[in-house]
Amino acid sequence: MTAVDQARRAEGRTTRTTRQKVFAALRLTAYVLVLGLLGYQLWRVRHGLGESLRLVGWGNASLAVALAAVGGMPGFFGWRMLLAGLGTRLSLPVAIRVFFLAGVTRYLPGGVWPAVAHAALARPLGEPPARLAGAFVASQGLGVVAGLVVGLVALPRLVASNPIWWALLPLVAAALVPLAAPRLLAPLLGVAQRILRRGEGTAPALPGRRTLLAVTGLMTVGWLISGLHVTVLAVALGAPPAGAMTIGIGGFALSTVAGIFTIVMPSGLGAREAVLGLTVATLLTGPGLVTLVALSRVLITVADIAGTGIALGVVAWSGRRRPRPSPLPAP
């Protein structure tokens, strides 16, 4: 090996080390920004939070947080299944770290950060960044399909208050088309390639229809569970249980879908509250409506923080308790 080759290799190692340090610094900066934004959101509503919790009750608020946290788990398993269908199988601890660490970046302004975070976390694993980012984007697309379908639960009560809600039917029909023709998901995977500027000119691998249906089913279960937190809050504020069940589940799904398309604001801030308010207005008015909409946002944020902390804590704890292999005896 010539001196020139040795110099080039040393330069390549130095470049890779520098790039790794830059990515680590960027990830740390992103997480600090997320924690700062989350803290600001909770601090901003601190004065009215106590009164809202008094009206709802600490028990109901705790139940709502638990439902919201549990409702996010089917989405994780759906994403992991979709990623396996695209050709990457991650162990459960690794998948938890990637999914939850990347997930908190949705609280940053701009809707591209979770996809970018998935790609950044793929590099140390030696996996294609565009594939992990594409799996996230596609899972969001299937989540929208499932959310619109679940939103139909609230349709009878919504159209009774305003016929404009019939427009939901053609939206649902259009959303179901990719499940009938999976190749229509290719543009969603192509979005990740264009964002990351990786893999241009190559067609992304596509999972089968059975995988897409299974993932959509898991997303549907997640919407049904997480929407119950709105039901709990609505009943605590005086809404009839039957109406609170349908509006809580369907209204929350529709409001979160609206937030997904609001890529500028962090975690759909503003759009989610507006749509949730329009749907819950068929049950509550005045202070009760305002309390539910505001408290739902706060409790969802708390559920995200708690769920992420618990998931990562369990992974770290199980890793420490895993027995280390005993050293081989000397020959």
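This is a predicted model, so every value here is computed, not measured.

Quick notes on the rules
- Residues numbered from 1 in each chain as written.
- Predicted model: local features only at pLDDT ≥ 70, side-chain atom pairs only at ≥ 80, totals over all residues.
- Heavy atoms only, no water.
- Helix = DSSP H or I, 4+ residues; strand = E, 2+ residues; numbered from the N terminus.
- Buried < 20%, exposed > 50% of the residue type's maximum accessible area, 1.4 Å probe, protein only.
- Contact = heavy atoms within 4.5 Å.
- Areas by Shrake-Rupley, 256 points an atom, 1.4 Å probe, with all protein chains shown as cover.
- Core = buried A, V, L, I, M, F, W, Y, C linked by side-chain atoms within 4.5 Å.
- Phe/Tyr/Trp six-rings, centres within 6.5 Å; stacked < 30°, edge-to-face > 60°.
- Salt bridge = Lys/Arg side-chain N within 4 Å of Asp/Glu carboxyl O.
- pLDDT = per-residue confidence, 0-100.

### Regarding the overall build of the protein
Argument step 1. Along the backbone of the protein there are 16 helices and zero strands.
Argument step 2. Taking all 331 residues of the protein together, the buried fraction comes to 42%.
Argument step 3. Across the protein, contacts joining residues at least 24 apart in sequence account for 72% of those joining residues at least 6 apart.
Argument step 4. Per element, the accessible surface of the protein, about 17100 Å² overall, is 69% carbon and sulfur.

### A closer look at the nonpolar core
Argument step 1. Ranked by size, the top nonpolar core spans 51 residues in total, and within it Leu148, Val280 and Leu292 carry the most contacts.
Argument step 2. Counting residues in hydrophobic clusters, the runner-up holds 24 residues, among them Trp79, Leu86, Ala102 and Ala119.

### Regarding the packing of aromatic side chains
Argument step 1. Following the criterion strictly, the structure yields seven aromatic pairs and no others.
Argument step 2. Ring centres of tryptophan 79 and phenylalanine 99 lie 5.3 Å apart, and the angle between their planes is 40°; on these two criteria the pair is classed as tilted. Within this pair, whereas tryptophan 79 is found in helix H4 (residues 73-85), its partner phenylalanine 99 is found in helix H5 (residues 92-103), the two being separated by 20 residues in sequence.
Argument step 3. A relative accessible area of 0% places tryptophan 79 in the buried class.

### Looking at the side chain of threonine 256
Argument step 1. Tracing the backbone through its elements, the reader meets threonine 256 in helix H14 (residues 241-260).
Argument step 2. What makes threonine 256 buried here is its relative accessible area of 13%.
Argument step 3. In this structure threonine 256 touches Trp223 and Arg272, once residues within four positions along its chain are discounted.

### A closer look at the pattern of salt bridges
Argument step 1. Counted according to the given criterion, the structure contains two salt bridges.
Argument step 2. Arginine 106 is paired through a salt bridge with aspartate 304; the nearest N and O atoms lie 3.0 Å apart. In this pair, arginine 106 sits in the loop between H5 and helix H6 (113-122) while aspartate 304 sits in helix H16 (residues 286-321), placing the two residues 198 residues apart along the sequence.
Argument step 3. On the basis of relative accessible area, arginine 106 is assigned to the partly exposed category, the value being 34%.
Argument step 4. Where glutamate 273 meets arginine 297, a salt bridge forms, and the shortest distance between an N and an O atom there is 2.6 Å.

### Notes on helix H13 (residues 228-236)
Argument step 1. Taken residue by residue, H13 has His229, Val230, Thr231, Val232, Leu233 and Ala234 as its buried positions.
Argument step 2. Once H13 ends, the next one or two residues include glycine 238, with phi positive near 105°.

### As for the environment of valine 159
Argument step 1. Looking at where valine 159 falls in the secondary structure, it is placed in helix H8 (residues 155-161).
Argument step 2. Non-local contacts of valine 159, meaning those with residues more than four positions away in its chain, are made with Trp165 and Trp166.

### Re the confidence of the model for the protein
The predicted coordinates should not be examined in detail at positions where pLDDT is low.
Argument step 1. Residue-level pLDDT values for the protein average 79, and 71% of them are 70 or greater.
Argument step 2. Averaged pLDDT values for the elements of the protein fall to 56 in helix H1 (residues 3-44) and rise to 94 in H13.
Argument step 3. Confidence drops under pLDDT 50 across residues 325-331; counting only partners more than four residues distant or on other chains, this segment forms zero contacts.

### Points about the environment of proline 74
Argument step 1. Tracing the backbone through its elements, the reader meets proline 74 in helix H4.
Argument step 2. Residue classification places proline 74 among the buried residues on the basis of a relative accessible area of 10%.
Argument step 3. Proline 74 sits 147 residues away from valine 221 along the chain, and the two C-alpha atoms are 6.7 Å apart.
Argument step 4. Dropping the residues within four chain positions of it, proline 74 is found in contact with Leu218, Val221 and Gly222.

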